[in-house]
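Spelled out from the first residue to the last, the chains are:
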Amino acid sequence: MQMKFDLHTHHQRCGHAVGEIEDYVIAALDQGLDAIGISDHAPFFGSDKEQELPGVAMAKLEFPAYVEEVLQLKKKYANRIEVLLGVEADFLPDHVHTYEQQLQKYPFDYVIGSVHFTLGRNIFDKSRWESADASEMLKVKEAYYDLIAASAQTGSYQVLGHIDAIKGFCPEMADLKTNKVDEALKVIAKNHVAIEVNTSGKMKDCGGWYPGDDLLERAFHYNVPITLGSDAHDPQRVGDDLEAVREKLKSIGFTEWCYFREKGPVIVKL
Ligand SMILES: [Zn+2]
Ligand SMILES: [Zn+2]
């Protein structure tokens, strides 16, 4: 059966998104989705501080309330749409165990693992590219894909978030050749982790989606499972480009994609 879903959404708790969780659920109903995943940024568990990065992720104290709110909405809307409990967690190699300990306390349907930091800096920090030449960019790109591959091996994640977001504010990055990309895709496939088509690339300088067509074709070659996420930080973007992504995936050769319930894949036809 053909299904419509969106697994990657945020809300006001993170400090840089608008709307309450219920606004995203209602937007999903308006879009005719069958399932909506809520996946706000996890608190920065690697820090001793209550809220390490205000404006980037919620405070630790907010986290149980976040989970509870999603679970309440799951019940409230059960007859109309499936609300899935997700979270987007930073992949930080030194803190994998800490995140696991924190996240295992709750009944997540899925965890999105995202690499937001590479070689000590945020990938969306525009200033890091100002004086970067091609060799510096390549170094960052290779380090980024090493991290992506390492994240797939942790067993912590069902989905890897936006796996070429490194190009977000450095579009040239997409054209730099390195076999680290294929190496990462092989590791992802071997570990049965899904990648998302994240339609928020168009909000950044690179335009389009994450990942780009080339990378999606390589993912198809290696049989990497695919899911969809708008990465909406505004309810208006829920389900954004869903049908266009479906058509793109079909044109590449994919016949199915998946979402997650209780950390198991629900595979549906495209
Ligand atoms: Zn965000
Ligand atoms: Zn996100």
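For the chain, an unreviewed UniProt entry supplies the name Histidinol-phosphatase and the organism Geomicrobium halophilum. Among the UniProt annotations of the chain, the heading Sequence similarities (unreviewed entry) holds the following wording: "Belongs to the PHP hydrolase family. HisK subfamily." Quoted verbatim from the Catalytic activity (unreviewed entry) field of UniProt, the annotation for the chain is "L-histidinol phosphate + H2O = L-histidinol + phosphate".

Colleague: Just checking my understanding: could you explain the coordination of the zinc ion (ligand 1) for this structure?
Modeller: Note on metal geometry: ideal angles are 109.5 degrees for four donors arranged tetrahedrally and 90 or 180 degrees for six donors arranged octahedrally. Coordination of the zinc ion (ligand 1) by the protein is provided by His16 (NE2), His41 (NE2) and His233 (NE2), with metal-donor distances spanning 2.0 to 2.1 Å. Given the relative accessible area of 36%, histidine 16 is considered partly exposed.

Colleague: Teacher, can you tell me more about a negative patch on the surface here?
Modeller: A grouping of Glu172, Asp175, Asp214 and Glu217 is seen on the molecular surface, where their side chains present a negatively charged patch. Mapped onto the elements, aspartate 214 comes out in helix 6 (residues 213-221).

Colleague: What is the right way to look at helix 5 (residues 180-190) in this model?
Modeller: Structurally, the α-helix is built with 3.6 residues per turn, so residues lying three or four positions apart point the same way. Residues of helix 5 that are buried include every one of Val181, Asp182, Ala184, Leu185, Ile188 and Ala189, and no others. Axial view of helix 5: buried residues confined to an arc of 160°, hence all on one face. Against helix 4 (134-153), strand 7 (159-160), strand 8 (194-198) and helix 6 lie the buried residues of helix 5.

Colleague: Explain the packing of aromatic side chains here, please?
Modeller: Aromatic rings in a pair are described by how distant their centres are and how their planes are angled relative to each other. Using the criterion set out here, one finds 12 aromatic pairs in the structure. On the basis of an interplanar angle of 75° and a centroid distance of 5.5 Å, the ring pair of phenylalanine 45 and phenylalanine 63 is categorised as edge-to-face. Within this pair, whereas phenylalanine 45 is found in the loop between strand 2 (35-38) and helix 2 (62-76), its partner phenylalanine 63 is found in helix 2, the two being separated by 18 residues in sequence. On the accessibility criterion, phenylalanine 45 (9% relative accessible area) is buried. Centre to centre, the rings of phenylalanine 63 and tyrosine 66 are 5.9 Å apart; their planes meet at 25°, and the pair counts as stacked. Of this pair, phenylalanine 63 and tyrosine 66 both sit in helix 2, 3 residues apart, roughly one helical turn. Grouping residues by exposure puts phenylalanine 63 and tyrosine 66 together as buried. Each residue in the set Phe45, Phe63, Tyr66, Tyr99, Tyr106 and Phe108 is aromatic and connected to the rest through ring pairs, giving one cluster.

Rules behind the numbers
- Residues numbered from 1 in each chain as written.
- Chains lettered and ligands numbered in written order.
- Predicted model: local features only at pLDDT ≥ 70, side-chain atom pairs only at ≥ 80, totals over all residues.
- Heavy atoms only, no water.
- UniProt positions renumbered as here; feature names shortened; annotations may be inferred.
- Donors = N, O, S within 2.8 Å, 3.2 Å for Na, K, Ca; no water.
- Buried < 20%, exposed > 50% of the residue type's maximum accessible area, 1.4 Å probe, protein only.
- Patch = residues over 30% accessible without salt bridge, like charges linked within 9 Å, V, L, I, M, F, W, Y side chains within 5 Å.
- Areas by Shrake-Rupley, 256 points an atom, 1.4 Å probe, with all protein chains shown as cover.
- Salt bridge = Lys/Arg side-chain N within 4 Å of Asp/Glu carboxyl O.
- Lys, Arg positive; Asp, Glu negative; His and termini not counted.
- Charge placed at Lys NZ, Arg CZ, Asp CG, Glu CD.
- Helix = DSSP H or I, 4+ residues; strand = E, 2+ residues; numbered from the N terminus.
- Arc of directions from axis to C-beta.
- Contact = heavy atoms within 4.5 Å.
- Phe/Tyr/Trp six-rings, centres within 6.5 Å; stacked < 30°, edge-to-face > 60°.

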